[in-house]
Amino acid sequence: MTTVKTPADEAEARAIQDELRGLVVLDEVGPPPGQGLIAGVDVAYDDERDLVAAAAVVLDAATLEVVAESTAAGSVSFPYVPGLLAFRELPTVLAALEDLPVTPDLVVCDGYGLAHPRGFGLACHLGVVTGLPSMGVAKNPFTFTCEEPGAARGEASPLLAPDGAVVGRALRTQHGIKPVYVSVGHRVSLDNACAHALALSPRFRIPETTRRADSLCRRALREAVDALQ
DNA sequence: GCGACAG
DNA sequence: ATCTTGTCGC
C-alpha cells in the first residue's frame, strides 16, 4: 500500500519534497498516446466539515470509454499551500487509485509535475510513490510564464521558470480557447505528455480523464456529506 | 517587508 | 478548491 506522509509543518513538507525529488525518472518516454489505459484523478473538498473525496477514472485511450472508476473519502490532512498541494491531495487520491481493479499505464493529475518551485509538483510526487508514469495538466500558469501559443488546436509554447528553464508547455487543446499547462510527472517525456493531453481533449479544453474524475469526486463528496446526517 | 501563488 | 441562477451560444 502506497501512502504519503503528512508533514507536521511546511518546513518538513519541503524537506520531504527535496528528498523525493531525486527519485523522479525523466529518461523514459512513457506509454505511446492513443493506446492503453489512462487514469485521471481529482479531489473535492468540504473544509467546513473536514471532508475530502477523491476519484480515479480509467479510460481506454483509444476510445476514451470509461474502463474503471473508484472513489475514496477522508479528512483534510493538510491546508492548501501553493507548492505543497501534494500533501493535501495525495493521501485520498492514492486510496482511490489502489481501489481500482486495473493498473493504468499513465496517471493524469490536475496540477503540475516538474513545473514547481522545487521541481517536485503533485504529478511527480504521485509518480514516485506509485511508480506509475504520471503527468500534470494545470488550468493556469502558476508562477510560470510563456508566450501565447498559436490559436490552432495543438499549438504550444514553452512554459518557463523565472530562470528561463523550460518546465512544461502551454498547450492549446481547443481552437481559440485558453491553453492548458502540461508538465511531466514521472517516467514520461514532455512530447508524449502533450500528445496524451491533446488526445484526451477531443472536444473540451480539459482532458476527459480530469473531467470524469472531477465530476465523480464531486458526487462522492456529496454522498460523504449526506452520509453524515 | 510585500505580493504572487497548482487545487 | 468554493460561494452560485440564469443565460448566451453552438
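So, here's what we can say about the structure. (Residues numbered from 1 in each chain as written. Chains lettered and ligands numbered in written order. Predicted model: local features only at pLDDT ≥ 70, side-chain atom pairs only at ≥ 80, totals over all residues. Heavy atoms only, no water.)

### A closer look at the protein's contact with DNA strand C
1) Next: Taken together, A44, Y45, K139 and R218 are the residues near DNA strand C.
2) Next: Within the contact set of DNA strand C, a phosphate oxygen lies 3.4 Å away from a backbone nitrogen or oxygen of Y45.
3) Next: A distance of 3.3 Å is found between a phosphate oxygen of DNA strand C and a side-chain nitrogen or oxygen belonging to K139.
4) Next: Each residue belonging to the surface near DNA strand C can be placed in one class, and the counts come to 2 nonpolar, no polar and 2 charged. (Near = heavy atom within 4 Å. Polar contact = N/O pair within 3.5 Å; in protein donor to acceptor, adjacent residues only side chain to side chain. Nonpolar A, V, L, I, M, F, W, Y, C, P; charged D, E, K, R; others polar.)

### With respect to the environment of D163
1) Next: Counting through the fold element by element, D163 comes out in the loop between β6 (156-160) and β7 (166-171).
2) Next: Look at D163 and you get exposed, because its relative accessible area is 66%.
3) Next: At a separation of 2.9 Å, a polar atom in the side chain of D163 contacts the main-chain amide nitrogen of A165. (Helix = DSSP H or I, 4+ residues; strand = E, 2+ residues; numbered from the N terminus. Buried < 20%, exposed > 50% of the residue type's maximum accessible area, 1.4 Å probe, protein only.)

### A look at the protein's contact with DNA strand B
1) Next: Near DNA strand B there are 19 residues, and of these Y80, G83, Y112, K139 and N140 occur at the shortest range.
2) Next: Within the backbone of L84, an N or O atom sits 3.4 Å from a base nitrogen of DNA strand B.
3) Next: Within the backbone of L85, an N or O atom sits 3.3 Å from a base nitrogen of DNA strand B.
4) Next: Looking at the surface near DNA strand B, the element that brings in the most residues is helix α2 (residues 85-98), giving 3 residues.

### Re the packing of α2 against helix α3 (residues 122-130)
Relative orientation and spacing of two packed helices are given, respectively, by the angle between their axes and the distance between those axes.
1) Next: Running from N to C, α2 and α3 cross one another at 45 degrees; their axes reach a closest spacing of 10 Å. With respect to their mutual orientation, α2 and α3 come out oblique. As for the relative orientation of α2 and α3, their crossing is right-handed in sense. Only L122, H125, L126, V129 and T130 of α3 make contact with α2, whose side of the interface consists of L85, A86, F87, E89, L90, V93, L94 and L97.
2) Next: Within the contact of α2 with α3, the residues separate by chemical class into 10 nonpolar, 2 polar and 1 charged. (Axes fitted to C-alpha atoms, helices over the stretch in contact; angles between N-to-C directions. Parallel < 35°, antiparallel > 145°, perpendicular 65-115°, else oblique. Left-handed = near helix turned anticlockwise from the far one by under 90°. Contact = heavy atoms within 4.5 Å.)

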